[in-house]
Amino acid sequence: MEFRTSLKNGFSKFWVDLKSYFNVANDLEPQLDAEQSIRSGVSFKGSQLLVLIFAIFIASLGLNTNSIPVIIGAMLISPLMGPIIGMGLAIGIQDFDLLKRGLKNVLAAMIGSIIASAIYFLISPQYEGASQLLARTSPSIYDVFVALFGGAAGFLSIACRNKGQVMPGVAIATSLMPPLCTAGYGLATLQMNFFFGALYLFFTNMIFIFVATWVGVKVMRYDKIVYNNEKRAKRIQRIVYCIVGATVIISAYLTVNMIGKTIFINNASRFVETEMTFPNTQVLNHAEYVKNGKRYIDVTLIGAALPKDSLQLAMMNKLDSVGLGGTVLNIKQGFSMTAKEIDDEKNFDQFYRLMQSEIASRQNEIDSLKSLVSLHKQFSDESVKVSPEIKVLFPTIKDIALSHMVATQVGGADTDTVSMLFVNAPGGLSIKDRQKLTEYIEVRLKRKNIHLTLNPSNFPWPSAK
């Protein structure tokens, strides 16, 4: 019993100590001071408006040049967090005039940012979307969590005396400015997928920073402004609940699609690397993607050409066996790829190395064939050259033929190269004359191991025609 009491007391002490670490009551600013700090950041007038415009152009330059430090600098400069946190405070304390003012300023900031960014990209000489720009067009559930926790940290830093360096970090993490600049890019280049994707990302971040502030106001039990119209307050709250719920559902749907797409790309890439390996053909590049709900794999091969139909059929059967059935497989071979694909920076180096290897291989083959042709030509030329001399030394010989040939064992793997001398001497040749002729040919043509065959039957000699 005593042990039980001691254990209970120890646990209670531990729980009290643990709660003390998370107790922010002693560190909180008075509600009026925190409210004043938030309200002062809601409006965009004077210096704040100019700072916002400068931040827009800095972010546009960072996205245009794909410079992460410049983008981060624009996030730190931007004052967009102010009116969003102000809207969360307004809902929490039911100050609908503040909500209206915050919403008005956010809309003005959005429109101004998009127009300024669009003007910049209209006059910018670079129109290709850099990787940081493209990354700002794919919102997901992870953006919801980043905005939610970032907004909570931002509100807490305002509400407490010990503020630290929270707001700069929140500005970077929640990434409010780049999506607006990307939306301006989409508007300037008439790419609506950029425009709407980036705008939705900004909307997601804004909603959940706003929600985090609203929850923080509730948790800290800020006093509400008393209105006679309670129905209006509840109606506005219901509207906010609907907007937040719709945003979460859409973000969750996009995340599920994103995870499925990532799994497909990883599996498809592994398939190409493991299954599409050929002796004299290499994979130059491959791309896996999902378009309009359809899965695609594009592969470019270089080297010896493979039978297109049988290759396609074999690969499609393998796709079915590894769970990638229904994927559209596009195979390009040799030089059927476009100039744009070759010029692609990540493909060019690999293409250059493969072409160098291919050229070296073809050159070796050409040299080998030249050597073989030269050898046969040399034999035929030498036969013509020595013919008059043999006529003088061996009057009984009417025709000769020289040949360099390969002898192969039937049913075996042994091969050998032999030099043959065929002789047409109707009166015959003595063994001594045969040996003398063989030695003469070897010395005259600087070759060893000449094999002589006398009067082969059915040989098409020139003298017989």
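Each remark here, short or long, concerns the structure printed above.
Residues numbered from 1 in each chain as written. Predicted model: local features only at pLDDT ≥ 70, side-chain atom pairs only at ≥ 80, totals over all residues. Heavy atoms only, no water.

Engineer: Any chance you could explain the packing of helix 10 (residues 177–188) against helix 11 (residues 192–219) here in plain terms?
Structural biologist: Between two packed helices, both the angle of their axes relative to each other and the distance between the axes serve to describe the pair. Remark: helix 10 packs on helix 11, axes separated minimally by 7 Å, with the N-to-C direction vectors making an angle of 160 degrees. Regarding the angle of helix 10 to helix 11, the classification is roughly antiparallel. Where helix 10 crosses over helix 11, the two elements pack in a sense that is left-handed. For the pair helix 10 and helix 11, contact is made by P179, L180, T182, A183, Y185, G186 and L187 and by M192, F194, F195, A198, L199, L201 and F202, respectively. Taken together, the residues that form the contact of helix 10 with helix 11 break down as 12 nonpolar, 2 polar and no charged. (Axes fitted to C-alpha atoms, helices over the stretch in contact; angles between N-to-C directions. Helix = DSSP H or I, 4+ residues; strand = E, 2+ residues; numbered from the N terminus. Parallel < 35°, antiparallel > 145°, perpendicular 65-115°, else oblique. Left-handed = near helix turned anticlockwise from the far one by under 90°. Contact = heavy atoms within 4.5 Å. Nonpolar A, V, L, I, M, F, W, Y, C, P; charged D, E, K, R; others polar.)

Engineer: Help me out: how do you make sense of the pairing of strand 2 (residues 294–303) in this one?
Structural biologist: Within a regular strand, the side chains alternate between the two sheet faces. Two strands pair when backbone bridges link them, and strand 1 (residues 281–291) and strand 2 are joined in this way by 10 bridges, in the antiparallel orientation. Bridge pairing in strand 2 links H286 to V299. Counted between consecutive antiparallel strands, the loop separating strand 1 from strand 2 contains 2 residues, among which N292 sits at a positive phi close to 55 degrees. Judged from the 6 bridges that link them, strand 2 and strand 3 (residues 328–333) form a sheet pairing that is parallel. Within strand 3, the position partnered with D298 by the bridge is N330. With helix 13 (residues 308–321) bridging strand 2 and the parallel strand 3, this β-α-β connection has right-handed handedness. (Pairing = 2+ DSSP bridges. Right-handed = clockwise from strand over helix to strand, strands pointing away.)

Engineer: Where do I start with a nonpolar patch on the surface in this structure?
Structural biologist: A grouping of Y142, F145, F149, M258, I259 and I263 is seen on the molecular surface, where their side chains present a nonpolar patch of about 600 Å² in accessible area. Counting only elements with at least two residues in the nonpolar patch, the list comes to helix 8 (141–159) and helix 12 (230–275). (Patch = residues over 30% accessible without salt bridge, like charges linked within 9 Å, V, L, I, M, F, W, Y side chains within 5 Å. Areas by Shrake-Rupley, 256 points an atom, 1.4 Å probe, with all protein chains shown as cover. Salt bridge = Lys/Arg side-chain N within 4 Å of Asp/Glu carboxyl O.)

By themselves, these figures tell us nothing about what the structure is for.
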